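# Close look at the chain arrangement
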Amino acid sequence: MKSAVVLLAGLFAFTAYYVYLPLPSTVSEPWRLMLLDASFRAAQQTCNLAHYLGLGHHLRILNFIIGTFDKLNPQHAEEVKITDTQFDGVEVRVYEPPAKAEENLRRSVVYIHGGGWALSSTRGSFYNNLCSVMAESLDAVVVSIEYRLVPDFHFPVQFDDALRATRHFMHPEVLAQYSVDPGRVAISGDSAGGNLAAAVCQEMSQDQNKTGGFKLQALVYPVLQAFDFNTPSYRQNEFAPVLPRFVMVKFWIDYFNGNYEFAQSLVVNNHTSLDVSQAHPFRDRVDWTSLITPRFRKTYKPVTPTAGEVEILEAIPSLLDVRAAPLLAEKQVLRLQPKTYILTCEIDVLRDDGIMYAKRLEDAGVEITLDHLEDCFHGCMIFTVWPTRFSAGIRARDSYIRWLRENL
């Protein structure tokens, strides 16, 4: 009996130690967030072990686990019509709100889901619920793009899928088919989907034969650069819930089908050290000492090694490709971007990516709304239904939809 009590006490102590994570005092529902993070970490570590044992790629196994969990709550607004189809060979899910008596042209949102270019799906409950709520709340046609995922496909496949599907939808005859007003279309996405949305928006803004464009872009905690993994937000949130710094670095490596041996070197910015000439043209475009305010800079100093590893960019040149890192785009491209909304979270390694992009767009003459949420964490906007319902997620989603309603 005594040994059983000791064993239970030890198990309880270990569980508490594993689950506990220091969080800022501003966080609402801290223990719920700790449990979410511990669950995600446990899943990742299990998948990493399976990968090591040769049972399958860790991202493929992790996506299976997420997909299984995702089926627990397949909610969506019943009034919204959902159709799975293909746009130029790319799978998409189209959400159409109920028809109204006065059949006017509707606004529309092209949405690209997040998940590190490797996880989640338009068909899972997280994004199915989000897009259904958007379609109903905005009375909008929402097109959610099911781009192909890492590890089966790597950059630039995800970008190409998103671009092809979006260009197809923007054809006048397709917009007419869905009763969409060509002057009221937005492109949007969260996290890696925000990366793809920004990159597609930049690419399409430069189309020579462009007949119409996006009225807006709305980016939710987007990942926008792999140049500097030592911005203040990367360091402040190095071990933050859901997306710690090292996990984000590994997502980048997987996206480019790179070598994990480079991971630690990327963390200390050896790929963009002063002796790496390929990095020189981009330094001013990611200079957070001038692009973010003292409130976010705090006391952090830039990490720019004098000598690094030139071979990293030789092996993974896509680290500096603007299609993968939209923050690196030239100013003349930024001038072409539409009115923009960027949502950032304080508890997020990607906070400064969004803030820097907002500043660069603003300096290029683009109208910007930067919506910074102090008590929110990366990924929160999709956590709005049981069993992962967070008040922070509801606030983020409602703020995002409110801006779209008022501006689209």
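A brief structural summary. (Residues numbered from 1 in each chain as written. Predicted model: local features only at pLDDT ≥ 70, side-chain atom pairs only at ≥ 80, totals over all residues. Heavy atoms only, no water.)

Once that is clear, we can look at helix H5 (residues 157-169). Relative to the 18 Å expected for 13 residues at 1.5 Å per residue, H5 spans 18 Å between its end C-alpha atoms, a close match to the ideal helical length. Of the positions making up H5, those classed as buried are Gln158, Phe159, Asp161, Ala162, Leu163, Ala165, Thr166 and Phe169. (Helix = DSSP H or I, 4+ residues; strand = E, 2+ residues; numbered from the N terminus. Expected span 1.5 Å × (residues − 1). Buried < 20%, exposed > 50% of the residue type's maximum accessible area, 1.4 Å probe, protein only.)

Mapped onto the fold, Gly189 is located in strand S5 (residues 180-190). Residue Gly189 is classed as buried on the basis of its relative accessible area of 0%. When the C-alpha atoms of Gly189 and Ile112 are compared, they prove to be 4.5 Å apart, with 77 residues separating the residues in sequence. Excluding residues within four positions of it along the chain, Gly189 makes contact with Tyr111, Ile112, Gly194, Ala197, Ala218, Leu219 and Val220. (Contact = heavy atoms within 4.5 Å.)

Time to look at the nonpolar core. As a rule of thumb, soluble globular proteins bury nonpolar side chains together. In this structure, Trp117, Phe169, Met248, Trp252, Tyr255 and Tyr357 are the most contacted members of the largest nonpolar core, which totals 93 residues. For this core, the element with the highest residue contribution is helix H7 (residues 192-205), accounting for eight residues. Trp252 has contacts with Trp117, Asn195, Val223, Gln225, Ala226, Phe229, Tyr234 and Ala324, leaving out every residue within four places of it along the chain. (Core = buried A, V, L, I, M, F, W, Y, C linked by side-chain atoms within 4.5 Å.)

Below, the discussion takes up the sheet that holds strand S7 (residues 339-347). Pairing is mixed across the open sheet formed by eight strands, whose spatial order is S1-S2-S4-S3-S5-S6-S7-S8. For this open sheet the edge positions go to strand S1 (81-87) and strand S8 (368-377), each flanked by a neighbour on one side alone. Taking each pair of neighbouring strands and ignoring which way they run, the sheet shows an average axis angle of 20°. With six bridges joining them, strand S3 (residues 106-112) and S5 adopt parallel strand pairing. The partner of Ile112 across the bridge, within S5, is Gly189. (Pairing = 2+ DSSP bridges. Axes fitted to C-alpha atoms, helices over the stretch in contact; angles between N-to-C directions.)

In this section: helix H9 (residues 245-255). Of all 11 residues in H9, nine are buried; the element is thus mostly enclosed. Three or more residues of H9 are buried, namely Arg245, Val247, Met248, Val249, Phe251, Trp252, Ile253, Asp254 and Tyr255. Taken together, the buried residues of H9 touch helix H2 (30-52), helix H3 (58-70), H5, H7, helix H8 (232-236) and helix H10 (263-267). Count one or two residues on from H9 and you reach Asn257, which has phi positive near 55°.

The next thing to look at is the layout of surface pockets. A water-sized probe, rolled over the atoms, reveals where empty space remains. The computed volume of the largest pocket comes to approximately 740 Å³. What lines the largest pocket is a set of 34 residues, among which Leu36, Phe40, Ile66, Val242 and Phe383 lie closest to the centre. Those elements giving two or more residues to the lining of the largest pocket turn out to be H2, H3, helix H4 (125-138) and H9. Of all the elements, H2 adds the most residues to the lining of the largest pocket, at six residues. Residues belonging to the lining of the largest pocket are distributed by class as follows: 23 nonpolar, nine polar and two charged. Considering the residues around the second largest pocket, the lining is formed by 18 residues, among which Gln44, Asn48, Phe246, Val247 and Lys250 are closest to the centre. Counting residues per element, the ones that place at least two in the lining of the second largest pocket are H2, H3 and H9. For the lining of the second largest pocket, the leading source of residues is H9, giving six residues. Looking at the lining of the second largest pocket residue by residue, the class counts come to nine nonpolar, four polar and five charged. (1 Å grid on protein atoms, 1.4 Å probe; cavity = no way out; pocket = protein on both sides within 12 Å on 5 of 7 lines; lining within 4 Å. Points joined across faces, edges and corners; volume = space filled by probe spheres on them. Nonpolar A, V, L, I, M, F, W, Y, C, P; charged D, E, K, R; others polar.)

Looking now at the pairing of strand S4 (residues 140-145). Buried residues dominate S4, accounting for six of its six residues. Side chains of S4 alternate between two faces, with Ala140, Val142 and Ser144 and Val141, Val143 and Ile145 buried alike. For strand S2 (residues 90-96) and S4, the ladder comprises four bridges, and the chain directions are antiparallel. By the bridge assignment, Arg93 is partnered in S4 with Ser144.

A regular strand places its side chains on the two faces of the sheet in alternate fashion. Burial analysis of S2 places six of its seven residues in the buried class, which makes it a mostly covered element. The pairing of S1 with S2 spans seven bridges and is classified as antiparallel. Looking at S2, one finds that Thr85 is bridged to Val92. Where S1 folds back onto S2 in an antiparallel hairpin, the turn is made up of two residues, including Asp88, whose phi is positive at roughly 50°.

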